[in-house]
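# Structural overview
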Amino acid sequence: MPLSNSSEPSPSFLLAGLPGLEGAQCWLSIPLCSAYVLAVAGNGAVLLAVRLEPGLHAPMYLFLCMLATVDLALATATVPRTLSFYWFGSREIGLGACLLQMFLIHALSAVESAVLLAMAVDRYVAICHPLRHAAVLTAATTAKVGLLALARGVIFFLPLPLLLLPLPFCGPRALSHSFCLHQDVMNLACANTTPSVVYGLTAILLVMGLDSLLICLSYILILRAVLRLAAWRERLKVFSTCIAHICVVLAFYVPLIGLSVVHRFGKDLAPLVHVIMGNVYILVPAVLNPIIYGVRTKQIQRRILSLI
């Protein structure tokens, strides 16, 4: 496919397919499509179950609805475009569409990180200060937290595409993923990208880095409170209320860290590894989160089964 020269005002990029497996891309896209359908069905079922079950109108499950909404938006912003490439050969993506997709991926990831932190704080207050839980985490407070999480994601990550927009792009414009990420697009610019590098790293550290530290701090305080209980059975019962959230946190941060490591230190890895890690980062949380909470919450199970 011919590439336009660097003098074009709106260059385009080439999405990464499955290197070495181009002939089987159509068939290999079936697992990706299946995972996307599972993510949409699972998160949609969680949203519907919480909406219809009055017993689930509590802060923890309202945060779960926010998490499901973010997962749906994140998967929808990436997977359909990837499938159009695998099925119809539509590999080229314009600069505007690429920057918009990049912004949505990073901003929604920041929102998800903030919601996970809010859920950790909810568990901390429920276990360490149970008498104050209803007064501290009201429905109004939960809504404000959701709006603040959205605003923070937009404010911190809107500058990323704005910093890349005026840069010239020349030479090969082939991405290493089947969607647009900041570092991936930035590396294709043939100009000084220091401001973009510095701001991107600062935003990641101030958002995901700080959130992960605060989540760890919340669980240190929770563990300290749990270990003060006399009976082991009581300790296990109290801590079991955190198991689902811990699994969801791991499902988000482990692929995020894995993708970051591949970007930083995996230049010698096969291109297929980059593509697979990118899809894992997008789809694993969206697929696993509703399964985790569906298994751990009997009310969600009953409501989903009644809907089926």
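Everything below is about the structure shown above.
This is a predicted model, so every value here is computed, not measured.

Calculation criteria
- Residues numbered from 1 in each chain as written.
- Predicted model: local features only at pLDDT ≥ 70, side-chain atom pairs only at ≥ 80, totals over all residues.
- Heavy atoms only, no water.
- Helix = DSSP H or I, 4+ residues; strand = E, 2+ residues; numbered from the N terminus.
- Rg over C-alpha atoms; globule rule 2.2 N^0.38 Å.
- Buried < 20%, exposed > 50% of the residue type's maximum accessible area, 1.4 Å probe, protein only.
- Contact = heavy atoms within 4.5 Å.
- Phe/Tyr/Trp six-rings, centres within 6.5 Å; stacked < 30°, edge-to-face > 60°.
- Polar contact = N/O pair within 3.5 Å; in protein donor to acceptor, adjacent residues only side chain to side chain.
- Disulfide = S-S within 2.5 Å.
- Axes fitted to C-alpha atoms, helices over the stretch in contact; angles between N-to-C directions.
- Parallel < 35°, antiparallel > 145°, perpendicular 65-115°, else oblique.
- Left-handed = near helix turned anticlockwise from the far one by under 90°.
- Nonpolar A, V, L, I, M, F, W, Y, C, P; charged D, E, K, R; others polar.
- Expected span 1.5 Å × (residues − 1).
- Bend = angle between axes of the 7 residues up to and from the residue.

### Here we look at the overall build of the chain
- A count of helical and extended segments in the chain gives 12 helices and 2 strands.
- Taken from N to C terminus, the helices and strands of the chain fall in the order β-α-α-β-α-α-α-α-α-α-α-α-α-α.
- Relative to the globule expectation of 19 Å for 308 residues, the C-alpha radius of gyration of the chain, 21 Å, shows essentially globular dimensions.
- Each of the three principal axes of the chain carries a C-alpha extent, and together these read 70 × 45 × 35 Å.
- Expressed as a percentage of its 308 residues, the buried residues of the chain come to 45%.
- A separation of at least 24 residues holds for 79% of the contacts in the chain among residues at least 6 apart in sequence.

### Comments concerning the packing of aromatic side chains
- By the definition in use, this model includes 4 aromatic pairs.
- When the centroid spacing of 5.1 Å and the interplanar angle of 85 degrees are considered together, the rings of Phe13 and Phe169 count as edge-to-face. Note that Phe13 is positioned in strand β1 (residues 12-14) and Phe169 in the loop between α6 (159-164) and α7 (182-186), a separation of 156 residues in sequence.
- Its relative accessible area of 0% is what places Phe13 among the buried residues.
- For Phe169, a relative accessible area of 1% gives the class buried.
- For the ring pair Trp87 and Phe88, a centre distance of 6.4 Å and an interplane angle of 85 degrees mean the geometry is edge-to-face.

### What to know about the environment of Leu167
- Checked against the element boundaries, Leu167 lands in the loop between α6 and α7.
- Judged by relative accessible area, Leu167 falls into the buried class, the value being 16%.
- Along the primary structure Leu167 and Leu305 are separated by 138 residues, whereas in three dimensions their C-alpha atoms are 52 Å apart.
- Apart from the residues lying within four places of it in its own chain, the contact partners of Leu167 are Ala189, Ala191, Asn192 and Thr193.

### Regarding the side chain of Asn279
- Counting through the fold element by element, Asn279 comes out in helix α11 (residues 271-296).
- On the accessibility criterion, Asn279 (16% relative accessible area) is buried.
- Polar side-chain contacts of Asn279 include one of 3.4 Å to the side chain of Ser178.
- Apart from residues lying up to four places away in sequence, Asn279 is in contact with Leu32, Tyr86, Ser178, Phe179 and Val284.

### Some points on the state of the cysteines
- A complete count under the given rule lists 1 disulfide for this structure.
- In this model Cys98 forms its disulfide with Cys180; the gap between the sulfur atoms is 2.0 Å. Handedness here is read from the sign of the S-S torsion; for Cys98 and Cys180, about -120 degrees, the answer is left-handed. Remark: Cys180 occurs in the loop between α6 and α7 and Cys98 occurs in helix α3 (residues 95-128); sequence separation between them is 82 residues.
- Among the residues examined, Cys180 registers a relative accessible area of 0% and is labelled buried.
- The thiol of Cys247 is unpaired, and the distance to the nearest cysteine sulfur, on Cys242, comes to 11 Å.
- Looking at Cys247, the relative accessible area reads 33%, which means it is partly exposed.

### Focus on the packing of α3 against α11
- One can describe the packing of α3 onto α11 by two numbers: an axis separation of 12 Å at closest approach and a directional angle of 30 degrees. Our classification of the angle between α3 and α11 gives roughly parallel. The handedness of the crossing between α3 and α11 is left-handed. Of the residues in α11, those in contact with Ile105, Ser109, Glu112 and Met119 of α3 are Tyr281, Ile282, Pro285, Asn289 and Tyr293.
- Looking at the contact of α3 with α11, its residues break down into 6 nonpolar, 2 polar and 1 charged.

### Observations regarding helix α2 (residues 59-88)
- Taking 1.5 Å per residue as the helical rise, α2 with its 30 residues ought to reach 44 Å, and the 43 Å between its terminal C-alpha atoms agrees with that figure.
- Taking the largest bend as the criterion, α2 deviates by roughly 30 degrees, centred on Thr76, and proline Pro80 comes between one and four positions later.
- Immediately beyond the C-terminal end of α2, within one or two residues, lies Gly89, with a positive phi of roughly 75 degrees.

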